[in-house]
Amino acid sequence: MSRPSGTFATVWTALRLVLAVAILVAVIAQFTTSMSTSAERGRDLATTAANFFSFFTILSNVAAAIVLLWAAAWYWTRGKSATQEPNGLALALACVSTYMIVTGVVYNVLLRGITLPQGSEPIPWSNEILHLIAPLFLLLDVLLGARRRSLRRRALFVIAAFPIAWAVYTLVRGPLTTSPVTGDGWWYPYPFLDPHNFANGYGTVALYIVAIAIVIVGVGAAVVWTGRKRAARVRHPASL
């Protein structure tokens, strides 16, 4: 099979660019609102900013926007004559696709309708871009994105590295941070990570972390498997 048509690849790359810009606009709008609300109410702005960028959703969306911009830049400078993505870009796309798909699943299953401690009420259109539209697009990107390269299964270890680091960071930072919203002597970005919400404390939090880890590994494995299947159709050898 030949590489995907230039017209489709160009259109899809344009969509990647549009989504990247939409994500960045949504993040900036929510961040600006959170900071403005915190300033009006006399909250600690440094803590508010650090808390905002401690949400897995925010970090995943910012990473996704950066990688999509990278993919667009690569396509329009070198990719039009290529048949597959470079290794680094392919791995980065696999990572952010996994994180965004998991973000969409966790938010819409566990968190939709719950106000999170981000310093202000969520902006409806921004919230939908970050938690629904962007995750759906990254899912479609796994299935339809042009010039896909096959990754070896060990890429899953790289995909899992960031969520593990984020979970450790969150649990260590949580009891050391005073919430600027409630004044509590702790702060966690999501209620299922706050041991104060459960009778069993960290025991229940650990169960949630294990469950989400299983989801992340499962989604990551599916992303890598899909990429390998799609790349096999154009007979490209697997790479790291």
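This is a predicted model, so every value here is computed, not measured.

Thresholds applied
Residues numbered from 1 in each chain as written. Predicted model: local features only at pLDDT ≥ 70, side-chain atom pairs only at ≥ 80, totals over all residues. Heavy atoms only, no water. Core = buried A, V, L, I, M, F, W, Y, C linked by side-chain atoms within 4.5 Å. Buried < 20%, exposed > 50% of the residue type's maximum accessible area, 1.4 Å probe, protein only. Helix = DSSP H or I, 4+ residues; strand = E, 2+ residues; numbered from the N terminus. Contact = heavy atoms within 4.5 Å. Phe/Tyr/Trp six-rings, centres within 6.5 Å; stacked < 30°, edge-to-face > 60°. Patch = residues over 30% accessible without salt bridge, like charges linked within 9 Å, V, L, I, M, F, W, Y side chains within 5 Å. Areas by Shrake-Rupley, 256 points an atom, 1.4 Å probe, with all protein chains shown as cover. Salt bridge = Lys/Arg side-chain N within 4 Å of Asp/Glu carboxyl O.

1. Observations concerning the nonpolar core
For step 1, the next point in the chain: I23 and Y190 are the most contacted members of the largest nonpolar core, which totals 57 residues.
For step 2, the next point in the chain: Where this core is concerned, the elements lending two or more residues are α1 (6-40), α3 (56-77), α4 (87-111), α5 (124-144), α6 (155-173) and α7 (202-232).
For step 3, the next point in the chain: With 15 residues, the single largest contributor to this core is α4.
For step 4, the next point in the chain: The contacts of I23, once residues within four sequence positions are left out, are N61, A64, A65, I129, L130 and A134.

2. Comments concerning the packing of aromatic side chains
Two aromatic rings are characterised by how far apart their centres lie and by the angle between their planes.
For step 1, the next point in the chain: Following the criterion strictly, the structure yields 16 aromatic pairs and no others.
For step 2, the next point in the chain: Arranged with centres 5.3 Å apart and planes meeting at 45°, the rings of F31 and F53 form a pair that is tilted. Taken as a pair, F31 in helix α1 and F53 in the loop between α2 (45-52) and α3 lie far apart in primary sequence, 22 residues in all.
For step 3, the next point in the chain: Grouped by ring-pair contacts, the aromatic residues F55, F56, Y99, F162, W166, W187, Y190, F192, F198 and Y208 constitute a single cluster.

3. Focus on the side chain of T57
For step 1, the next point in the chain: Here T57 shows up in helix α3.
For step 2, the next point in the chain: Leave out the neighbours within four places in its chain, and T57 touches T103, L130, H131 and Y190.

4. Some words on unusual backbone geometry
For step 1, the next point in the chain: Within the chain, R147 stands out as a residue other than glycine whose phi angle is a positive 65°.
For step 2, the next point in the chain: Looking at the element boundaries, R147 is found in the loop between α5 and α6.
For step 3, the next point in the chain: What makes R147 buried here is its relative accessible area of 2%.

5. Remarks on a nonpolar patch on the surface
For step 1, the next point in the chain: Together, F8, L132, I133, L136, L139, L140, L143 and L144 make up an exposed nonpolar region whose accessible area comes to about 640 Å².
For step 2, the next point in the chain: With seven residues, α5 is the single largest residue contributor to the nonpolar patch.
For step 3, the next point in the chain: Structurally, L140 can be placed in helix α5.
For step 4, the next point in the chain: For L140, a relative accessible area of 40% corresponds to the partly exposed category.

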